[in-house]
Amino acid sequence: MKKIQSLLCLALFLFLLSCGRQQLELVNPNEVEETTFWRNETDALRGVLGIYDGLQSSELAGDRYYRLDVATDNMGTNTNSDAWLDIKNFAANGSNARITGIWRALYTVVNRANLTIDKIGSMPSGTISDAARSRLLAESKFLRAYAYHDLVQLFQGVPFYTKPNSTRSEGVAATKGSVIADAMIADLSGDVLAGLPVTTPDGRVSKGAALALLGKYYMARKDYTNAVNTFKQLKTAPYSYALHPSYAQLFTPEVEYSNKESIFQVNFVDNQLDQGETFSYKVDTTTSPSVTPFGVPRNSYQVTNSLRDSYLYTDGKPLVASPIYGTKSPLVSTTGHAINRDPRFRASIFSNQDVTGSGKKLWNFAANNVAVKKYFFISPIVFINRPQNYHLIRYADVLLMLAEAEVELNPADTDIFTNVEAIRKRAGIAMFAAADWAKLSQDQKREAIRDERRWEFAFEHIRFFDFRRWGTAYTKQKLTISNNLIPAATPDLAFIQWPYPQVELDNNPALKAQGANPGY
């Protein structure tokens, strides 16, 4: 996407001048803007770039997507300054700032997409080529489908807009999530796939991203047959996705534009509007461990003991005996939790094993203390400001969702083993012997794949949406085990959906008439 970033500032100046970053709705261009914009192909591209920019919001990929792990058994928080503690402890209501912010950010993406679809679709013949119109409409519909996927997973039924809104538009009642999914599946399998190229060297959305998102929609509705058929396409020509050889390197600036694993990422570059992502963190190796820029890394967000202790050792054995992974590993160390562990542990979690090339510790951790590490940038340059890209869909996600779907259809399918083995082999951890894998029950294989997803995608917001897909019973079980502050009277539906933002209930009578959301 580097090639298109140079257009972004101008695009936002013309396209979004009247739109605040946290507004739900985008004001339609006035008569003067309509006569000076949407005139040609360049204007149309600039409009689409404005939708991509919506995903850079600090409420989404710019910062808070990774923090959704707070609402899982992966990460804890010791602060309520940004409302995450209430979400974690199921004390949040519609006035919660994070719930409101994420709702508005996702609807900003939706409305920018709707406006662009409306304007590009009505541009006169001759002002834009048929090929460009088809591709730009496909991109817009993909980005809208991505936003609606997350909205439905977060809130279930939500207002469904397919036309641009203004500040004077009337709100609508919520539409069932299944109905919204039907419409988005139709878009993705129709116009979106037809209009997108197989590869996109400029970083824009491709057919592969559309197939991956389509598969996610099928998985959410437990349509495993269509999910398998969709994901398998990404393993064959004309697609050439592959797991990047180094798991740790994926979360550094080194290969963000040159790896074959990224299917859809949000891009941030230096010296451009919205380059200020805040999910990454620079480790300054020129200072002593106790006085690094902000002390202990991300000290408001802690790795849970549950996640820390769940990683296997490099021999594929667990910290304690398990019916799935066998007896306790002989590699268990008493001097540090990070020693001999699945290398994804070291790539995702800081520990006392993290040192510079000269052996200098990055932090003065006690033996078993840890901190969030993924997307940390280690540099000897004191004031470097290097934004990183944020992965939304990786090929590893496709392989593990494919394995998940295959387990539900036929747990004896040998392709399941092949897909899980590929993930473990790249990570550097011993795989099950094929005969031992074959002996596992369907429930055990299902749990093994869910574990693998936890280790592969820690602090990438994926587990939060996995919990939504896996349902109330599983989510409630995992969260109540790891968090004793969840009230016993918490309604079951609260484990898989958020309440509607109070400001939206106040401003939208049609939504208010439906209540705050079932379960709240």
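Numbering of residues starts from 1 in every chain and runs along the sequence as written. Residues qualify for local features only when their pLDDT is at least 70, as the model is predicted, and side-chain atom pairs are given and counted only at 80 or more; totals for whole chains, interfaces and linings, by contrast, use all residues. Side-chain figures throughout are based on the complete set of non-hydrogen atoms in the structure, without hydrogens or water.

Attention shifts here to the pattern of salt bridges. Salt bridges are counted wherever a side-chain nitrogen of Lys or Arg sits within 4 Å of a carboxyl oxygen of Asp or Glu. All told, the structure shown has 37 salt bridges when counted by the stated rule. Across the pair Asp187 and Arg144 runs a salt bridge whose closest N-O atoms are separated by 2.9 Å. Of this pair, Asp187 sits in helix H8 (residues 177-195) while Arg144 sits in helix H7 (residues 130-155), placing them 43 residues apart in sequence. Of the charged contacts in the structure, one is a salt bridge between Arg344 and Glu456, with a shortest N-O distance of 3.0 Å. Of this pair, Arg344 sits in helix H12 (residues 343-348) while Glu456 sits in helix H16 (residues 442-456), placing them 112 residues apart in sequence. Assessed through its relative accessible area of 0%, Glu456 is described here as buried. Several salt bridges converge on common partners, so that one network encompasses Glu261, Asp342, Arg344, Lys374, Arg394, Arg424, Arg426, Glu452, Glu456 and Glu460. Secondary structure follows DSSP: runs of H or I at least 4 residues long count as helices, runs of E at least 2 residues long count as strands, and numbering of each begins at the N terminus. Throughout, exposure labels follow a simple rule: accessible area from a 1.4 Å probe, protein chains only, divided by the maximum for the residue type, with under 20% read as buried, over 50% as exposed, and the rest as partly exposed.

Our next topic: the packing of H7 against helix H9 (residues 207-220). Here H7 crosses H9 at 25 degrees, and the two axes come no closer than 11 Å. Compared by their axis directions, H7 and H9 come out roughly parallel. The handedness of the crossing between H7 and H9 comes out as left-handed. Contact residues: Phe142, Ala145, Tyr146, Tyr148, His149 and Gln153 in H7; Ala209, Ala210, Leu213, Lys216, Tyr217 and Ala220 in H9. When its residues are assigned to classes, the contact of H7 with H9 shows 9 nonpolar, 2 polar and 1 charged. In this analysis, axes come from line fits to C-alpha atoms, helices being fitted only over the stretch in contact, and the angle between any two N-to-C directions falls in the range 0 to 180 degrees. To sort the angles, those under 35 degrees are grouped as roughly parallel, those over 145 as roughly antiparallel, those from 65 to 115 as roughly perpendicular, and the leftovers as oblique. Crossings are classed by handedness, with left-handed meaning an anticlockwise turn of the near helix from the far one by less than a right angle and right-handed meaning a clockwise turn. Here, residues are in contact when the closest pair of their heavy atoms is within 4.5 Å. Residue polarity is assigned by list, with Asp, Glu, Lys and Arg as charged and Ala, Val, Leu, Ile, Met, Phe, Trp, Tyr, Cys and Pro as nonpolar; anything else, Gly included, falls into the polar class.

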